[in-house]
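Observations on the three-dimensional arrangement
Read off the chains here:
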Amino acid sequence: GAVVSQHPSWVICKSGTSVKIECRSLDFQATTMFWYRQFPKQSLMLMATSNEGSKATYEQGVEKDKFLINHASLTLSTLTVTSAHPEDSSFYICSASRFSSGRATDTQYFGPGTRLTVL
Amino acid sequence: AQTVTQSQPEMSVQEAETVTLSCTYDTSESDYYLFWYKQPPSRQMILVIRQEAYKQQNATENRFSVNFQKAAKSFSLKISDSQLGDAAMYFCAYGPSAGKSTFGDGTTLTVKP
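So, how was this worked out
- Residues numbered from 1 in each chain as written.
- Chains lettered and ligands numbered in written order.
- Predicted model: local features only at pLDDT ≥ 70, side-chain atom pairs only at ≥ 80, totals over all residues.
- Heavy atoms only, no water.
- Helix = DSSP H or I, 4+ residues; strand = E, 2+ residues; numbered from the N terminus.
- Rg over C-alpha atoms; globule rule 2.2 N^0.38 Å.
- Contact = heavy atoms within 4.5 Å.
- Buried < 20%, exposed > 50% of the residue type's maximum accessible area, 1.4 Å probe, protein only.
- Pairing = 2+ DSSP bridges.
- Lys, Arg positive; Asp, Glu negative; His and termini not counted.
- Salt bridge = Lys/Arg side-chain N within 4 Å of Asp/Glu carboxyl O.
- Disulfide = S-S within 2.5 Å.

1. A few points about the overall build of chain A
Counting its secondary structure elements, chain A contains 0 helices and 11 strands. In chain A, the order of α-helices and β-strands from amino to carboxyl end is β-β-β-β-β-β-β-β-β-β-β. In terms of overall dimensions, chain A is globule-like: its C-alpha atoms have a radius of gyration of 14 Å, near the 14 Å expected for 119 residues. Taking the principal axes of its C-alpha atoms as reference, chain A extends roughly 45 × 25 × 25 Å. Intrachain contacts of chain A at a sequence separation of at least 6 include 56% that bridge at least 24 residues.

Given below as structure tokens:
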């Protein structure tokens, strides 16, 4: 159990276009999902926390108008990179916390990541 | 704010030997969890082991065990009988705090045949 999928696994787009990445919890309900960005050989950088039915909470320095997050259901969160530029090229990872007994649990389960390349 | 420090950017171990990865953290909270995640070349983050701070007993998962020293705020990972498939980047993490987790910078583990 506790499987998280991400789609697409990799995407190449032209500068100025928008890209949507989906994160799904396949076998559990996720009250909270997280979006991270990771550069090669580096740690995960939290971009935002997404709660079902409410606005995402963005970390300092992350442009909310550029990285649109929607958490429409207990199993789906999406990250849209708007007007993408080459500097947005990175590896994006989502994770989900399992919903249990009315509160989110502590453990995060990660999706396989999406490699974004902006030309 | 919580911080997690992994002082070993790289470690190597001979196959079948034992290796210990270090992690220290800083917090003023009393109730929290600590994790070790493995990120192989595929970049899929995999939960290796989880420790609840209020439990004194060290967590164990097969060949993976931790040495949790709460007073010293230390949380090291021991990998016994190392296998080639253990080669990966390992991240120590603390959470949740304000619903979020804090990750260390990672330790790249190389396993030599």
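2. Concerning the pairing of strand E4 (residues 30–38) of chain A
Residues and elements named next belong to chain A. The buried count for E4 comes to 9 of 9 residues, which makes it a mostly enclosed element. In terms of strand pairing, E4 meets strand E5 (residues 44–51) through 7 bridges, oriented antiparallel. Note that in E5 the partner of Tyr36 across the bridge is Leu46. Linkage of E4 to E5, two consecutive antiparallel strands, is achieved through a turn of 5 residues, within which Lys41 is found at a positive phi near 65°.

3. Some details on the side chain of Arg43 of chain B
Residue position: Arg43 of chain B is located in the loop between strand E5 (33–39) and strand E6 (46–52). Here Arg43 of chain B is buried and forms no salt bridge, its nearest opposite-charge partner Asp105 of chain B lying at an N-O distance of 13 Å. The contact partners of Arg43 of chain B, leaving out residues within four places of it in the chain, are Gln38, Phe39, Pro40, Phe91, Pro112 and Arg115 of chain A.

4. Quick word on the state of the cysteines
Among covalent bonds in proteins, the disulfide is the one between the sulfur atoms of two cysteines. Residues and elements named next belong to chain B. One pass over the structure, following the stated rule, counts 2 disulfides over all chains. Disulfide pairing places Cys23 opposite Cys92 at an S-S distance of 2.0 Å. As the torsion about the S-S bond is roughly -70°, the Cys23-Cys92 disulfide counts as left-handed. Taken together, the positions of Cys23 in the loop between strand E3 (19–21) and strand E4 (24–26) and Cys92 in strand E10 (residues 88–97) put the pair 69 residues apart, joining distant regions of the chain.

Just distances and angles here, no functional claims.
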